[in-house]
Amino acid sequence: MSQSSTVRRNITFEVLQGADPVVVDPVVVDPVVEDPVVVSKNVTIEAESGQFTLPFTEVNVDGVDALYVVDYSAGTSTYSVDIPADGIYKLGFRVKSPTGSHDSLYFSINGAAKVLYYTGKYTEFTDITYAGADYQLSKGINTLVLTSREKITIDKIYFIGDSNNVIVQEEPAVSDPPTEDPPSTSDPLLNGNGADLNYMVSAPAGSNVSTVTSISALDTKAKAANPGDVIIIKNGTYSTSGSANYSRFGTAAAPIYLLAESKGGVIFTGSRSWVVSGAHWVVSGVTFSATSQGFRLAGNNIRFSGNILKDIKSPLAIYSSNNEIDNNIWSGTIGQSIKHAQPSIDCGSSCKYMKGTHLHHNTFKDIPRLSNNGGEAIMAGYGYGNLPPSYDNSLELIIENNLFDNTRGDPEVISLKSDKNIIRNNCFVNNGWGGLVIRMGSDNMITGNQFSNLNTTGVRISGSRNTIKNNYFEGVGNYAAISFHNTVKSSDTKFLPYGGVAYIAADDNIILDNQFYNFGNFLRDYKASSILKFSENTTVSGNDMFLGSNTHIAQTTRTAAEFEADHKVSNNTFRSSAPAYRASCK
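This one's a predicted model, so the numbers in the text were calculated from it and none came from an experiment. One numbering rule holds for all chains: residues counted from 1, following each sequence as written. Local features are withheld for residues below a pLDDT of 70 in this predicted model, meaning they are given only at 70 or higher, and side-chain atom pairs are given and counted only at 80 or more; totals for whole chains, interfaces and linings count all residues. Values shown for side chains rest on all heavy atoms present in the structure; no hydrogens or waters enter the calculation.

S.K.: Explanation requested: the pairing of strand β41 (residues 435-438) in the structure shown.
M.R.: Remark: exposure states derive from per-residue accessible area (1.4 Å probe, protein chains only) relative to the maximum for the residue type, with buried under 20%, exposed over 50%, and partly exposed in between. Each helix corresponds to a stretch of at least 4 residues labelled H or I by DSSP, and each strand to a stretch of at least 2 residues labelled E; elements are numbered beginning at the N terminus. Going residue by residue along β41, you find Gly435 and Val437 tucked away on one face and Leu436 and Ile438 tucked away on the opposite face as well. With 4 bridges connecting them, strand β38 (residues 412-416) and β41 associate as parallel partners. Considered in β41, the bridge of Ser415 is made with Val437. DSSP bridges decide pairing: two strands pair if at least two such bridges lie between them. With 3 bridges connecting them, β41 and strand β44 (residues 459-461) associate as parallel partners.

S.K.: What am I meant to see in the sheet that holds strand β14 (residues 140-147) here?
M.R.: What links the strands of a sheet is backbone hydrogen bonding, and the strands pair in either a parallel or an antiparallel sense. Taking strand neighbours across the sheet as the criterion, the 5 strands line up as β5-β8-β14-β10-β11 in an open arrangement whose pairing is antiparallel. Across the chains shown, the open sheet's two edge strands, defined by having one partner strand only, are β5 (51-52) and β11 (115-118). Relative to β11, strand β10 (residues 104-109) runs antiparallel, the two sharing 4 bridges. By the bridge assignment for β11, Phe107 is matched with Val115.

S.K.: Explanation requested: the side chain of Thr153 in the structure shown.
M.R.: With respect to the helices and strands, the residue Thr153 is situated in strand β15 (residues 153-161). When sequence neighbours within four positions are dropped, the list of residues in contact with Thr153 reads Val59, Val61, Ala66, Leu67, Tyr68, Arg94, Val95, Lys96, Pro98 and Phe125. Throughout, a residue-residue contact means that at least one pair of heavy atoms, one from each residue, lies within 4.5 Å.

S.K.: Even after reading the chapter, I still don't get the state of the cysteines, so can you show me in this structure?
M.R.: By definition, a disulfide links the sulfur atoms of two cysteine residues through a covalent bond. Any two cysteine sulfur atoms lying within 2.5 Å of each other are counted as a disulfide. Going through the model one piece at a time under the given rule, you end up with 1 disulfide. Here Cys427 pairs with Cys585 through a disulfide, and the sulfurs are 2.0 Å apart. Between Cys427 and Cys585 the disulfide shows an S-S torsion of about 100 degrees. By sign, it is right-handed. Taken together, the residues span a long stretch of sequence, with Cys427 in strand β40 (residues 427-432) and Cys585 in the segment after β57 (573-575) at a distance of 158 residues. With relative accessibility at 0%, the residue Cys427 sits in the buried group.

Treat this as a map of the structure, not an account of what it does.
Now the structure itself:
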């Protein structure tokens, strides 16, 4: 390239100044042989793109996707930040104080001690820059961790380079732009729900395999199993009774495998109680048919995968942590399908807390309605009212991509009686009177689920700081789309030492950007007597109510005006016509 000419280039620097970049006037530069390219060192991150835990949650505020702190407990949001060059950087935020009074958070860069930052009380999104220390950062991946302190909404995070932030690179070669696959036009909720009907776990190559043809031989092998051992049960029907407790321990790298010879080829009947109290087991391919006792996971890190549970009378019971429940099929269950336990409320210093199980790609179908309570597809926790102060009610379950088809056993298809669970991308279809119920839990995230042919209230809430976001509810009856529980006194003596309540009022929840079709009304109190405290302070915003009555509040225990005064109901849309219903997601 000739060096005798002068080239005029437009160069844009992104500078944190309000919401918009500042464009610097064009400058004249003398090109060199390897024509430099000037690149801004500033980095902008969407706050909701981090790996976050409650009380951080994603919200849409004023049309902006952002990260919101829903309470005062110490959740974190972590970011891997690709810094383009070594240099000095300031940290900035785009924030809003939703209540006009909360204005602080903690941050830490690259593992340093966390810093308390008072952002200022802004009622609109505002760009701010931390006025404290600058940070010497190296090119490559750096880590930022935010820790919650007060309720605050964060839209963006900025790493702002100093005035010497210039990177010199070689002029890139001209090439054709990369081609991209066209965006998918399918609804993500219509794909990936439910079990793979043919799935079962296979024995790893080179494993120590034993094949058994009787229950007694199975017990002998299972009670002496070592890490990596594979026990294959020969196909056939086995009548069972009594009980079994398998207490041997595998490892993460070498679990103990208990496998059917082929998917559905092994059928257990009868009344045996099965318990796995060891850790790192895999149970797969077995059919439990009309069994009267359940299968209990009492040890940690157990995978229960690709099994069939048909007409069973007792649930799969989870009394441990970090299990994986996937690709199983429940049909015709008489009672609960899955029960996740918690320690007794009077366990004191001996509490054994159970957390972190992942339930995904299971199918629950054709479960008949019971004449009494207790037919939930999944019951997560026990729901005691007014827990002891030291009691940890969180299960931290992830329940995703499951199919619930004609599961009518109970008014609560999933009954959440615990805290800090994530329920996402599940398909609920033709479940009649069975809805989504946060029976007594807080800090739960319910997002991306689809409910079709629902003959009951879409979502019923008890507890605090739950988020119900971007779900689709299609009703067929004259019910309210959303019901709030109030604190209700209990007559059950087991509650009395801790305050004696059967429900806890729905407080400080978020119900955002959901769609409701064909419900008679939008909101109401859940009818009850002996009310001790009314629900309050829940944000209900951005929801669409299609083809329902324009009745905003279907009150039962207080007036509509009183209900609205106690909650934050705004920017919801009532429509007298609607597009076609979604296709079934099953």
